Amino acid sequence: MADRPYDVADLGLAEAGRRRIAWAEREMPVLRLLRERFAREQPLRGVRIAACLHVTTETANLVRTLQAGGADVRLCASNPLSTQDDVAAALVAEYGVAVYAIRGEDRDTYYRHIHEALGRGPHLTMDDGADLVSTLHSQRTDLLPGVRGGTEETTTGVIRLRAMARDGALRYPIIAVNDARTKHLFDNRYGTGQSTIDGLLRATNVLLAGKTFVVCGYGACGRGLAMRARGMGARVIVTEVSPLHALEAVMDGYQVLPVAEAARVGEIFVTVTGNRGVLRGEHFAAMRDGAILANSGHFDVEIDIPALAAAAVSRRRVREHVEEFTLRDGRRLYLLAEGRLLNLAAAEGHPAAVMDMSFANQALSAAYLAAQAAQLERTVHPVPAEIDETVARLKLDALGVTIDTLTDEQRAYLESWQEGT
């Protein structure tokens, strides 16, 4: 494969992309502070990074930070529908980044772009869903000796990578950025909650007040989505396989039902599980006419689209991100954004303010790996606690929030076992 410098939709979009990248930067003060620090310290000088991430305005500001630290970054999309073409153009034309991403690219192009991002042999990988890492381990094993470490952005990717580590297949250490508290608790909950509702409303313009809204999965993303849907007046039902998460949903005030029962009463269904076949043929058969189906998990496997297509006598696109499936009995089900990430396919993804923390974790983890990867085992590692706390403190500083510090007496009390009540 020829080593192309980039592959984007239209470089003429670069100026529009540059303006939107600057707009997002206003809400990313932590990353801006890190960019200044990286420019001084150069923790990534000479480091080649292959990144497979959603190509958005927020990601652009992460890439600029990595560049400021001395990195040579190649970027491809982690989802065929999440690329913002103007941002991709701006990264190439304005910032000299090798970008391989076109919104709506087919599967072959998607994987060709992953290979191009791997092109010159990375020292570090950044992934969102683990497609780049799995491609590297299955098809580009010749590059593995040069890879020092990597990071993973999302729950689905961490699950896949932990499976690789259990099987002894993972060939280099990876930091689970997804599990950092300043990522998991804020990006997943507040980011996914708001951005999924944003995508739903842009795609359909439906009124949520009074609707029966089914959230499939009550992890951090599901909690945020349920909270936002209830805040807009929807009656929320949660489905779960974990007894602990189901109990939490009950105590948070939601009705918890099996999917088979929720299918009969729901009007809007959103999957956020990271697993496949959550909504299946038997569920489609029970759904009411007009039910809306959407997914905010990483891959387009949570809704069984082949089963939905097989049950339909016709299908047609009725809005930009809405496809109508008419079943044999005349009922109509509406699939949003081809079953892909609704918040990125039909909207703009998470707000920049929460991605500020997620990508600050990414940048600091990359710098940590550049210095420490040789000492780490070939498994999935947590974000070092000091990085998590640094991000939290920088975010509080940017918000103008001050907190207390322990007195010497309090610190001594907490570190002692002799003192009691």
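Right, let's talk about the environment of Pro 384 for a bit. Within the fold, Pro 384 resides in the loop between strand E15 (380-382) and helix H16 (385-399). Sequence spacing of Pro 384 and Asn 361 is 23 residues, and the spatial spacing of their C-alpha atoms is 9.7 Å. With near-sequence residues (within four places) excluded, Pro 384 lies in contact with Ile 175 and Tyr 368.

One pass over the full model with this rule turns up 27 salt bridges. Here Asp 3 ties to Arg 74 by a salt bridge, and the two come within 2.7 Å at their closest N and O atoms. On the criterion of sequence distance, the pair formed by Asp 3 in the segment before helix H1 (14-25) and Arg 74 in strand E2 (residues 72-77) is long-range, its members being 71 residues apart. Under the relative-accessibility criterion, Asp 3 is labelled partly exposed at 48%. By relative accessible area, which is 8% here, Arg 74 ends up buried. With a shortest N-O distance of 2.7 Å, Arg 18 and Glu 15 are connected by a salt bridge. Placement of both Arg 18 and Glu 15 in helix H1 is noted, with a separation of three residues, approximately one turn of the helix. Residues joined by salt bridges that share partners form a network here, namely Arg 20, Asp 86, Asp 198, Arg 202 and Glu 348.

One open sheet accounts for seven strands, arranged E3-E2-E1-E4-E5-E6-E15; its pairing is parallel. Only two strands of the sheet have a single neighbouring strand rather than two, namely strand E3 (98-100) and E15. On average, each strand axis in the sheet is inclined to that of its neighbour by 20°, with strand direction left out of account. Looking at chain direction, strand E4 (residues 124-127) and strand E5 (residues 149-152) are connected through four bridges and run parallel. Bridge pairing in E5 links Leu 124 to Gly 149. Against the sheet, helix H6 (residues 131-139) touches strand E1 (48-53), E2, E4 and strand E6 (174-176), its axis set at about 135° to E4.

Our focus in this paragraph is the packing of helix H15 (residues 352-372) against H16. As a packed pair, H15 and H16 sit with axes 10 Å apart at the nearest point and diverge in direction by 140°. One way to sum up the angle between H15 and H16 is to call them oblique. Where H15 crosses over H16, the two elements pack in a sense that is right-handed. Note on element contacts: H16 touches H15 through Ile 387, Asp 388, Thr 390, Val 391 and Lys 395, opposite Ala 353, Asp 356, Met 357, Ala 360, Asn 361, Leu 364, Ser 365 and Tyr 368. A class-by-class count of the residues in the contact of H15 with H16 yields seven nonpolar, three polar and three charged.

Looking now at unusual backbone geometry. Of all residues except glycine, most have a negative phi; of all peptide bonds, most are trans. Although it is not a glycine, Gln 42 sits at a positive phi angle of roughly 55°. With respect to the helices and strands, Gln 42 occurs in the loop between helix H2 (29-41) and E1. One non-glycine residue with positive phi stands out, namely Ala 337, at about 55°. Within the secondary structure layout, Ala 337 lies in the loop between strand E14 (332-336) and helix H14 (342-345). According to the relative accessible area criterion, Ala 337 is buried, its value standing at 4%.

Moving on to the side chain of Arg 74. Side-chain polar atoms of Arg 74 contact the side chain of Tyr 100, separated by 3.4 Å. A distance of 2.8 Å separates a polar side-chain atom of Arg 74 from the backbone oxygen of Glu 116.

In sheet architecture, strand pairing relies on hydrogen bonds along the backbone and comes in two forms, parallel and antiparallel. A sheet is described by the order of its strands in space; here eight strands give the open sequence E9-E8-E7-E10-E11-E14-E13-E12, paired in mixed fashion. Because the sheet does not close on itself, it has two edges, and the strands there are strand E9 (255-256) and strand E12 (312-319). Sheet analysis places E12 next to strand E13 (residues 322-327), joined by six bridges and oriented antiparallel. When the bridges of E13 are listed, Arg 316 appears paired with Glu 324. Each of strand E7 (212-216), strand E8 (235-239) and strand E10 (268-271) is contacted by helix H9 (residues 220-231), which is oriented at about 170° to E7, the strand it contacts most.

Neither face of strand E11 (residues 292-295) is exposed, since Ile 292 and Ala 294 on one face and Leu 293 and Asn 295 on the opposite face are all buried. Two strands pair when backbone bridges link them, and E10 and E11 are joined in this way by four bridges, in the parallel orientation. Opposite Phe 269, over in E11, you have Leu 293 as the bridge partner. The parallel pair E10 and E11, bridged by helix H12 (residues 281-286), forms a crossover whose chirality is right-handed.

Of all five residues making up E8, four are buried, and the element is well covered by its neighbours. Pairing analysis gives five bridges linking E7 to E8, with the strands arranged parallel. Bridge pairing links Phe 213 to Val 236 in E8. Where the polypeptide runs from E7 across H9 and back to E8, its parallel neighbour, the crossover connection is right-handed. When E8 meets E9, the two strands line up parallel, connected through two bridges. Each bridged residue has a counterpart across the sheet, and for Val 238 the counterpart in E9 is Val 256.

What follows is about the side chain of Gln 84. Following the sequence through the fold, Gln 84 ends up in the loop between E2 and helix H4 (85-93). The class of Gln 84 is buried, set by a relative accessible area of 9%. The contacts of Gln 84, once residues within four sequence positions are left out, are Arg 20, Val 55, Thr 56, Thr 57 and Glu 348.

Once that is clear, we can look at the packing of aromatic side chains. Scanning the entire structure with this criterion turns up three aromatic pairs. A centroid spacing of 5.8 Å and a plane angle of 65° characterise the contact between Tyr 218 and Tyr 254, whose relative ring orientation is edge-to-face. Of this pair, Tyr 218 sits in the loop between E7 and H9 while Tyr 254 sits in the loop between helix H10 (243-251) and E9, and the two are 36 residues apart along the sequence. For Tyr 218, a relative accessible area of 2% puts it in the buried group. Look at Tyr 254 and you get buried, because its relative accessible area is 7%.

Definitions and limits used
Residues numbered from 1 in each chain as written. Predicted model: local features only at pLDDT ≥ 70, side-chain atom pairs only at ≥ 80, totals over all residues. Heavy atoms only, no water. Helix = DSSP H or I, 4+ residues; strand = E, 2+ residues; numbered from the N terminus. Contact = heavy atoms within 4.5 Å. Salt bridge = Lys/Arg side-chain N within 4 Å of Asp/Glu carboxyl O. Buried < 20%, exposed > 50% of the residue type's maximum accessible area, 1.4 Å probe, protein only. Pairing = 2+ DSSP bridges. Axes fitted to C-alpha atoms, helices over the stretch in contact; angles between N-to-C directions. Parallel < 35°, antiparallel > 145°, perpendicular 65-115°, else oblique. Left-handed = near helix turned anticlockwise from the far one by under 90°. Nonpolar A, V, L, I, M, F, W, Y, C, P; charged D, E, K, R; others polar. Polar contact = N/O pair within 3.5 Å; in protein donor to acceptor, adjacent residues only side chain to side chain. Right-handed = clockwise from strand over helix to strand, strands pointing away. Phe/Tyr/Trp six-rings, centres within 6.5 Å; stacked < 30°, edge-to-face > 60°.

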